[in-house]
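Observations on the model geometry
Here are the chains, one letter per residue:
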Amino acid sequence: MSRITVLYDEETIVKRIREMAEEINRDYNGEPVLVVGVLKGGVFFTCDLVKRLTLPVTMDFVSVSSYGSGTKSTGFLKFKKDVDEDVSGRHVLIAEDIIDSGRTLTMLRKVFEEHGAKSVKTAVLLDKPARREIKDARVEYTGFVIPDSFVVGYGLDFDQKYRNLPYIGVIEEE
Ligand code: PRP
């Protein structure tokens, strides 16, 4: 059995996403943006964020696995699903549920830059800095900075379970 304690309830999450969206709306100042959600965990955050953007938005998704090489930002990124859209000349905003080691976001950013994106920024709901391996991993928009505990819900899973919880909770194995 697992016990889950609430870290951020639904109201708190949505309030913070609204603030993030306001900041993004200000920064992009009416420019079109291609929002790329990272499956599967990032799907709830991506949808709740784009609903609050007042910019011309196109949505796309990727599904990736990242393989590390220690603390270096070089590594291997395997696309299980690539973007459908052409990123060249576009403002790309990557939307993720969580940054841990920083590998996924750093490599995704690099790929989109190499494919000629006009700009690449990242928005993450949760940042777990204690787990960072890529020290210079950049995130432009952060929802919450969290401690080094195992979090589930709102897209985040434990063994593919709990993604559907409407809140973010800390899971403790009993
Ligand atoms: C999680 C999360 C990020 C990545 C972050 O995905 O959704 O994509 O790990 O970790 P990193 O900063 O160490 O690269 P996961 O591979 O668990 O897949 P999922 O989203 O399908 O659960």
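Up top you'll find the structure we're talking about.
Please read all numbers here as calculations on a predicted model, not as lab measurements.

**A few points about the site of the ligand**
- Around the ligand, 15 residues are found, and the nearest of them are Glu96, Asp97, Ser101, Gly102 and Thr104.
- Between an oxygen atom of the ligand and a main-chain N or O atom of glycine 41, the distance comes to 2.9 Å.
- Considering the ligand on its own, with 500 Å² of exposed area, one finds that the protein chains cover 72% of that surface.
- More than half of the atoms of the ligand fall within 2 Å of the grid points belonging to the largest pocket.
- At the level of elements, strand E5 (91–99) and helix H3 (103–114) are the ones that each hand at least two residues to the shell around the ligand.
- Tallied by class, residues from the shell around the ligand come to three nonpolar, five polar and seven charged.

**Comments concerning H3**
- Over its twelve residues, H3 extends 16 Å from the first C-alpha to the last, a length consistent with the 16 Å expected when each residue adds 1.5 Å.
- Within the sequence span of H3, burial applies to Arg103, Leu105, Thr106, Met107, Leu108, Arg109, Val111 and Phe112.
- Against the buried residues of H3 lie strand E2 (33–39), strand E3 (57–67), strand E4 (76–81), E5 and strand E6 (119–127).
- Where H3 ends, the next residue or the one after it, glycine 116, has phi of about 85°, a positive value.

The rules behind each value
Residues numbered from 1 in each chain as written. Predicted model: local features only at pLDDT ≥ 70, side-chain atom pairs only at ≥ 80, totals over all residues. Heavy atoms only, no water. Near = heavy atom within 4 Å. Polar contact = N/O pair within 3.5 Å; in protein donor to acceptor, adjacent residues only side chain to side chain. Areas by Shrake-Rupley, 256 points an atom, 1.4 Å probe, with all protein chains shown as cover. 1 Å grid on protein atoms, 1.4 Å probe; cavity = no way out; pocket = protein on both sides within 12 Å on 5 of 7 lines; lining within 4 Å. Sits in = over half its atoms within 2 Å of the grid points. Helix = DSSP H or I, 4+ residues; strand = E, 2+ residues; numbered from the N terminus. Nonpolar A, V, L, I, M, F, W, Y, C, P; charged D, E, K, R; others polar. Expected span 1.5 Å × (residues − 1). Buried < 20%, exposed > 50% of the residue type's maximum accessible area, 1.4 Å probe, protein only. Contact = heavy atoms within 4.5 Å.

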